[in-house]
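# Structural description and commentary
Residues per chain, in single letters:
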Amino acid sequence: MRVGARILKTGIALILALLVCHWFNLQPPLFAAIAATLSIQPTVYRTLKHLREQMEANFIGAALGVTATYFLGADPIIVGVVVMLVIMINLRLKLENSLVLSLVTVIAVMETSTGNYLYFAGNRFLLTVIGVFSAALVNALFIPPRYEHKLFDEISKTGEKFSVLMRTLIHNEMEEKVFREEKEKIKSKFKAIEQLYDLYTEEITKLRKVTYSSQKKLVLFKQMISVLYKEMDMLRTFERHIYSSFKPGHYLFPLIQSQLEALTEYHKNILLTYNGILKTREDWHLPEEVLQENNRLLHEFLTLYPEVKNTPQEEDDGQWRHLFPVVAEILEYANQLERLSKLVHTFHTHQGEDE
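What this report covers is the structure whose coordinates are included nearby. If you're wondering where the values come from, they're calculated on a predicted model, not measured in any experiment. (Residues numbered from 1 in each chain as written. Predicted model: local features only at pLDDT ≥ 70, side-chain atom pairs only at ≥ 80, totals over all residues. Heavy atoms only, no water.)

## Side note on the pattern of salt bridges
Opposite charge on two side chains permits them to pair, given that their charged atoms come into close proximity. Quick note on the threshold: For this analysis, a salt bridge means a side-chain nitrogen from Lys or Arg found within 4 Å of a carboxyl oxygen belonging to Asp or Glu. Helix and strand definitions follow DSSP, with helices as H or I runs of at least four residues and strands as E runs of at least two, each counted in order from the N terminus. Exposed residues in this analysis have more than 50% of their type's maximum accessible area, buried residues have under 20%, and partly exposed residues fall in between, with area computed by a 1.4 Å probe over protein chains only.
Scanning the model with the defined rule gives 13 salt bridges in all. Here Glu 148 ties to Lys 217 by a salt bridge, and the two come within 2.8 Å at their closest N and O atoms. With Glu 148 in helix α7 (residues 147–170) and Lys 217 in helix α9 (residues 212–241), this residue pair connects regions lying 69 residues apart in the sequence. On the basis of relative accessibility, which here comes to 18%, the residue Lys 217 falls in the buried class. The salt bridge involving Arg 236 is made with Asp 233; its shortest N-O contact spans 3.3 Å. Taken together, the residues span about one helical turn, with Arg 236 and Asp 233 both in helix α9 at a distance of three residues. For Arg 236, a relative accessible area of 32% translates into the label partly exposed. Here the residues in one salt-bridge network are Arg 180, Lys 183 and Glu 239, joined through shared partners.

## Examining the packing of helix α1 (residues 5–23) against helix α2 (residues 30–38)
As a reminder of what qualifies: Here an axis means a line fitted to C-alpha atoms, over the contact stretch when the element is a helix, while the angle between two N-to-C directions is reported on a 0 to 180 degree scale. Throughout this description, any angle smaller than 35 degrees is read as roughly parallel, any larger than 145 degrees as roughly antiparallel, any in the 65 to 115 degree range as roughly perpendicular, and the remainder as oblique. Take the far helix as the reference: if the near one is turned anticlockwise from it by less than a right angle, the crossing is left-handed, and if turned clockwise, right-handed. We call two residues in contact when some of their heavy atoms are within 4.5 Å.
Packing of α1 against α2 leaves a shortest axis separation of 8 Å and a crossing angle of 155 degrees. Considering the angle they form, α1 stands roughly antiparallel to α2. The interaxial crossing formed by α1 with α2 has right-handed handedness. Counting all contacts with α1, which are made through Thr 10, Ala 13, Leu 14, Ala 17, Leu 18 and Cys 21, the residues of α2 involved are Ala 32, Ala 33, Ala 36 and Thr 37.

Read these as layout, nothing more, since geometry by itself doesn't imply function.
Shown next, in the form of structure tokens:
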């Protein structure tokens, strides 16, 4: 079992919070430990945002706890009413992510009915703040996230899986049940990729100056994701239509197969170019051979229409209609790849230029 960065950060934040409590003899350290454990966030920006929200939410909890205990006591019914009030206020202020620690604070403050309420509330509030600050410090300094690398890695792996599924589909090499299972696995990756993109956006725009280069990267990665969505559309379209159109022995099938293989290989090469493994091409347009085959496919498809319409078999016409979305998806896929190629080419040829 692999220990991830977030697990390590949580453990270190917990240790730091307990050490601070030990150094300053703050009791009980349990509240600082709970706060540290719950406060680790995926980005530094979210950590600082969470820190601010925790301060606000805990202040609300401590203030209401002290006020209610002083004037009304700590009867269980009173505690329940105050907890409900704290929940409503936090939700109203959109502090729902800090709700748990706020409730811990108010319950801890109201657990005693004797002594200095302000001191007791201040102590609980301070312990919570120590835990949150410990998490923020660890998240900012220890194993900083590298979402660009993670995002590109997920995009590359998902693209490779699409390539394999598409090839097995057009060659009819995979069992239908296995194909559907693999397709669902790929679909489940899209949510993770979108989340990584959001985290990457926060990482390069919220806490640092937004440069021309960073803006180009955001657009470039968005197009990489758009290409993946187009590949998913192709997969659905091909699954629905490819074997409802002309039989695999039809003369257009080898052209469709070879063109798809050429385009998925082109996609792979674009990603390798972005990653610096392949040299940047002088021209970002579709490779000449791919463009010629695209034109040939379109020409053959259009030529086929009058031939089908002049035959007495209605089945041929229906099959042609199934073939139409297949060809349309291939052409649109090529357009999306060409746009991605242009963005990668522009990024590398103008790298270092900032405004």
